[in-house]
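What follows is the residue order along each chain.
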Amino acid sequence: AEVVEGCRLPVLRKNQDNEVEWPLAEILSVKDLSAKKLFYVHYIDFNKRLDEWVTYDRLDLKKIQFPKKEAKTPTKNGLSGSRPSSPEREVKRKVEIVSPATPVPPVVENTQASVFPQNGAARRPSAPAVPPGRKRKSNCLSADEDSQDSSDGIPSAPRMTGSLVSDRSHDDIITRMKNIECIELGRHRLKPWYFSPYPQELTVLPVLYLCEFCLKYVKSLKCLQRHLTKCNLRHPPGNEIYRKGTISFFEIDGRKNKSYSQNLCLLAKCFLDHKTLYYDTDPFLFYIMTEYDSKGFHIVGYFSKEKESTEDYNVACILTLPPYQRRGYGKLLIEFSYELSKVEGKTGTPEKPLSDLGLLSYRSYWSQTILEILMELKTETGERPQITINEISEITSIKKEDVISTLQYLNLINYYKGQYILTLSEDIVEGHERAMLKRVLRIDSKCLHFTPKDWSKRGKW
């Protein structure tokens, strides 16, 4: 039988340990080359960045599942048509999608909690139960693979509207497939993970060349060399607001530097799956992290934020470029975003939903930051130190909901003799100390030169 688009079957692939496995995959596209056929496959329940073109010999045709034909029902005029969905079913489906996760107990927010080493008398609350018949949804921007934490979803309701959140219902087969083979950016060659809407004529090229300072894209190495003779930039086109050692941060206004901002979004979309690219960058600020050497300031990663956010979002998109991942830069970006929130006198939270890697980095950052506060608490009288959720939030600029969900994730909150108690076990303390020894890169607030602007008074940005 002919393998067509929509078929599902096991496909041979090698995992991280170089072991052979046969996960179920869906055929998204088929193309004929001169001598052989190639099949673009998406591995079911795997991240889309693992999608790839495979040859015929990697398909297990014995277990092929052909796509089911949609049931047709006669319409009033006697012609066949697709079955109409009932309004009740549509409402039910929508409710299931947008209903928030189980809220955390509000009583914790303003309750003073004692902090003391774990002892047997305090009871640990059991993990919140998942309602029957409802699957646990993991939150799906990427920061960095700094952390090896579990990737269970932090309780939060995915935002269905707003700056850069995509509507998955409008996905089509084109945007589900990687369209760029390779990107050359300075001394690095990057293999994109996802689709990005670069001009179609450039997607057929084996390599797309980018100027690493202005991010302009060109079709050949010769064009890039010619561009570099005219490009005077050696750093992102904005104000440098932080420098320590070789690390610098530049603030870019999406309205003043529209071309750069759009090129940055195109590059970022190659590594961010669930964000929709808008060409209107006016409502956003972009903070570019760079590493300096004799040739200039090389982009490492960035995050963007809305100039005015009604929901206290201090990050819209966040990305560490693949060559710099697993080196602590993701947490540095996150820490910098909270330093800006401290200067602004606000608490902040990243725009939801987070990517899998973004969630790992944020959870790891929140855990380390909160544990740092708790372990520094001391009292002169020898009594147990006390602190409220609000105080932790004010000190760190982390939103209360994120503080509570992190304490629950770490299983630190206990209810004992009528009050909430935060118990720090030896394992938690030792694990935190080991993690902090590895965390060499930190933001020095003394090196930050940033004056927040009141965008509400500026009318149109």
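Structural data are supplied above this passage.
Residues numbered from 1 in each chain as written. Predicted model: local features only at pLDDT ≥ 70, side-chain atom pairs only at ≥ 80, totals over all residues. Heavy atoms only, no water.

Caption draft 1: Inspection of the sheet that holds strand β4 (residues 24-32) at higher detail. If you trace the 4 strands from one edge of the open sheet to the other, you get β1-β4-β5-β6, paired in antiparallel fashion. Pairing within the sheet leaves two strands with one partner each, and these edge strands are β1 (8-10) and β6 (52-55). Neighbour-to-neighbour, the strand axes of the sheet open up by a mean angle of 50°, direction not taken into account. Where strand β5 (residues 37-43) and β6 come together, 4 bridges link them in antiparallel fashion. In the strand pairing of β6, Tyr40 is matched with Trp53. (Pairing = 2+ DSSP bridges. Helix = DSSP H or I, 4+ residues; strand = E, 2+ residues; numbered from the N terminus. Axes fitted to C-alpha atoms, helices over the stretch in contact; angles between N-to-C directions.)

Caption draft 2: Main features of the sheet that holds strand β10 (residues 183-185). If you walk across this open sheet you meet the 4 strands as β11-β10-β12-β13, and the pairing is mixed. Sheet topology places β11 (188-190) and β13 (217-218) at the edges, where each strand pairs with a single neighbour. Pairing of strand β12 (residues 208-210) with β13, which is carried by 2 bridges, proceeds in the antiparallel orientation. Residue Tyr209 lies in a different strand from β13, and its bridge partner there is Val218. Its contacts with the sheet place helix α2 (residues 221-230) against β10, β12 and β13, and it is angled at close to 10° to β12. (Contact = heavy atoms within 4.5 Å.)

Caption draft 3: Quick look at the environment of Pro283. By the element assignment, Pro283 lies in the loop between α3 (258-269) and β16 (284-293). In the structure, Pro283 is positioned 26 residues away from Ser309 in sequence and 9.8 Å away in space, judged by C-alpha atoms.

Caption draft 4: Expanded view of the packing of helix α5 (residues 356-376) against helix α8 (residues 426-438). Remark: α5 packs on α8, axes separated minimally by 11 Å, with the N-to-C direction vectors making an angle of 115°. By crossing handedness, the relation of α5 to α8 is classed as left-handed. Of the residues in α8, those touching α5 at Gln368, Leu371, Glu372 and Met375 are Ile428, Val429, His432, Glu433, Ala435 and Met436. Per-class residue counts for the contact of α5 with α8 are 6 nonpolar, 2 polar and 2 charged. (Left-handed = near helix turned anticlockwise from the far one by under 90°. Nonpolar A, V, L, I, M, F, W, Y, C, P; charged D, E, K, R; others polar.)

Caption draft 5: Geometry of the pairing of β4. One ladder, built from 3 bridges, connects β1 with β4; its direction is antiparallel. Bridging across to β4, Leu9 finds its partner in Ala25. In this sheet, β5 lies alongside β4 in antiparallel orientation, the contact comprising 7 bridges. Residue Asp32 lies in a different strand from β5, and its bridge partner there is Lys37. Hairpin connection between β4 and β5: a loop of 4 residues separates the two successive antiparallel strands.

Treat this as a map of the structure, not an account of what it does.
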